[in-house]
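The chain contents come next:
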Amino acid sequence: MSNRILTLLEEGGEQYVSGERLSRELGISRTAIWKQIRKLEAQGYRIEASPRLGYRLTGRPSRMTMVELLGNLQGTTLVSGIKLFETTDSTQNIAHKLAEEGAEEGTLVIAEQQTSGRGRMGRAWVSPAGKGIYMSMVLRPSLPLQFAPQLTLLAAVALCRALKELVPVEIGIKWPNDLLINGKKISGILLESSAEDERIRHVIMGIGISVNLTIEDYPSELAEIATSLRIASGEIVDRASVVGAFVKQFEHLYRLYLKEGFATIQSLWEALSVTLHKPAKLMTPGGVVEGVPVALTESGALLVRLADGSELPVFSAEAVRPLDSRS
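Since this is a predicted model, take the numbers as computed values, not measurements.

Focus: the packing of aromatic side chains
Phase 1 of the analysis: Enumeration over the complete set of coordinates arrives at two aromatic pairs.
Phase 2 of the analysis: Summarising the aromatic geometry, the rings of Phe 250 and Tyr 254 are spaced 5.3 Å apart at their centres and angled 20° between planes, so their arrangement reads as stacked. One end of the pair is Phe 250 and the other is Tyr 254, both in helix α8 (residues 239-260) and four residues apart, which spans about a single turn.
Phase 3 of the analysis: On the basis of relative accessible area, Tyr 254 is assigned to the buried category, the value being 0%.

Printed below as a string of structure tokens:
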């Protein structure tokens, strides 16, 4: 039904198409028309509505092309192949399947829209068509499984550096891998590992970036805690450029990490952190921990100084909250 509405709007060009005409030609109510219009908007179409005149199409969803992506990946060697989808449930699911089938390291899966995008702890990830970056990459590092959390921190550093390079806004990392602009989340990073004999078989690195979302794209419960590059900068950002910038940063740091270890990544993460040296409450599997995060450990844990002066490494936490904030 929404496709038939889209056809009528496209035929109308710059002219409004009345709700009465749409209702008559499609044989559905004005309310049903409005619901279909909302579906089209969720897919990235911009539709102007006037109570007296009706509807007109003012913009189509931006789509990344293989040519654009390859152009922005020039000079890189990590990406071994790209799978580009219009819509999928989750790029993580596709990348997992490809990895199990023997896909090479650097296989990159990108979708214009996800219907079941997910983040850490199984949370849903808002993935409207043509407005964000939803991608997953197959990695095959020859590492013990215990080092997998370091890759998560590495990915956060690479993404933070890439976004700061492209957009003139202050971006920082909240432990372990959330990127924030003015205290609001801009991206999601999810690394899922498969291991054998305590060594990594493959890692699926999922990256979700809110690039050109507007306030209207977020459900009410997320509007106060999430943002996008467009909202923060006031400008539409080229998504293929973001993909290229991230891959270049990640490739450089990944090669460095495999050659020299975690020390450089640790220093870079600490320099970009918005978590360190601020009193915080951490919701860990073993209970609530309150203290001041002071550093990362060599294993990638967050080192927290407690009230009695002792220091406790925290390997996993549901949330890191400043004590003077409810964010």
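We are not done yet, so read on.
Quick notes on the pattern of salt bridges
Phase 1 of the analysis: Taken as a whole, this structure holds twelve salt bridges when the rule is applied.
Phase 2 of the analysis: Two residues, Glu 25 and Arg 21, come together in a salt bridge whose shortest N-O distance is 2.8 Å. Taken together, the positions of Glu 25 and Arg 21, both in helix α2 (residues 19-26) and four residues apart, correspond to about one turn of that helix.
Phase 3 of the analysis: Judged by its relative accessible area of 29%, Arg 21 falls in the partly exposed class.

Examining the environment of Glu 101
Phase 1 of the analysis: In this fold, Glu 101 is placed in the loop between α5 (91-100) and β4 (107-114).
Phase 2 of the analysis: Looking at Glu 101, its side chain comes within polar contact range of the side chain of Lys 97, at 2.6 Å.

Structural notes on the sheet that holds strand β8 (residues 184-185)
Phase 1 of the analysis: If you trace the three strands from one edge of the open sheet to the other, you get β6-β7-β8, paired in antiparallel fashion. Both edges of this open sheet fall to β6 (172-174) and β8, since each of them pairs with a single strand only.

Remarks on the UniProt feature "DNA-binding region" (unreviewed entry) in the protein
Phase 1 of the analysis: As annotated by UniProt and renumbered to match this structure, "DNA-binding region" (unreviewed entry) occupies residues 19-38.
Phase 2 of the analysis: The span residues 19-38 is 85% helix and 0% strand, and its two end C-alpha atoms sit 14 Å from each other.

Observations regarding helix α1 (residues 2-12)
Phase 1 of the analysis: For α1, every residue scored as buried is listed here: Ser 2, Ile 5, Leu 6, Leu 8, Leu 9 and Gly 12. Seen from one end, α1 has its buried residues packed into an arc of 165°, which puts them on one side. Exposed side chains of α1 directed beyond 90 degrees from the buried face belong to Asn 3 and Glu 11.
Phase 2 of the analysis: Buried-residue contacts for α1 involve α2, α3 (30-42), β1 (46-50) and β2 (54-59).
Phase 3 of the analysis: Phi for Gly 13, located one or two positions after α1, is positive at around 60°.

Comments concerning the sheet that holds strand β9 (residues 187-196)
Phase 1 of the analysis: Strand order across the open sheet formed by five strands is β3-β4-β5-β10-β9, with mixed pairing between neighbours. The open sheet has two edge strands with one neighbour each: β3 (81-88) and β9. Taken pair by pair, the neighbouring strands of this sheet meet at an average axis angle of 15°, ignoring direction.

Details of the pairing of strand β10 (residues 199-210)
Phase 1 of the analysis: With ten of its twelve residues buried, β10 lies for the most part within the structure.
Phase 2 of the analysis: As defined by bridge partners, strand β5 (residues 132-139) adjoins β10 across eight bridges and the pair is classed as antiparallel. Following the sheet pairing, Val 138 is matched in β10 by Ile 204.
Phase 3 of the analysis: Bridge analysis of β9 against β10 gives ten bridges, and the strand direction is antiparallel.

Observations concerning unusual backbone geometry
Excluding glycine, a negative phi dihedral is what most residues carry, and trans is how most peptide bonds are arranged.
Phase 1 of the analysis: Of the consecutive residues Trp 175 and Pro 176, the connecting peptide bond is found in the cis state with omega at 0°.
Phase 2 of the analysis: Topologically, Pro 176 is positioned in the loop between β6 and β7 (178-181).
Phase 3 of the analysis: Of note, Asp 197 is a non-glycine position whose phi angle comes to about 55°, a positive value.

Reading the values: rules and limits
Position numbers for residues start from 1 in each chain and track the written sequence from start to end. Residue-level local features of this predicted model are given only where pLDDT is at least 70; pairs of side-chain atoms are given and counted only at 80 or more, and the full residue set underlies all totals for whole chains, interfaces and linings. To obtain the side-chain values, all non-hydrogen atoms of the structure were used and water was disregarded. Classification of ring pairs rests on two measures: the distance between centres of Phe, Tyr or Trp rings, Trp counted by its six-membered ring, which must be within 6.5 Å, and the angle between planes, read as stacked under 30 degrees, edge-to-face over 60 and tilted in between. Where helices and strands are cited, they refer to DSSP runs of H or I of at least four residues and of E of at least two residues respectively, numbered from the N terminus. Accessibility here uses a 1.4 Å probe with only protein chains present; expressed as a share of the type maximum, an area under 20% marks a residue as buried, one over 50% as exposed, and anything in between as partly exposed. By definition, a salt bridge exists where a carboxyl oxygen of Asp or Glu is found within 4 Å of a side-chain nitrogen of Lys or Arg. Pairs of N or O atoms within 3.5 Å make up the polar contacts considered here, provided that, within protein, one atom can donate a hydrogen while the other can accept it, and that residues adjacent in sequence are counted only when both atoms are side-chain atoms. One bridge is not enough; two strands pair if DSSP finds at least two bridges between them. UniProt positions are given in the numbering used here, feature names are shortened, and annotations may be inferred rather than shown by experiment. Throughout, the arc means the angular range of directions from the helix axis out to the C-beta atoms. Working rule for contacts: check all heavy atoms of both residues, and any pair within 4.5 Å makes them a contact. Lines are fitted to the C-alpha atoms to define the axes, a helix being fitted only along its stretch in contact, and any angle between axes, read from their N-to-C directions, falls within 0 to 180 degrees.

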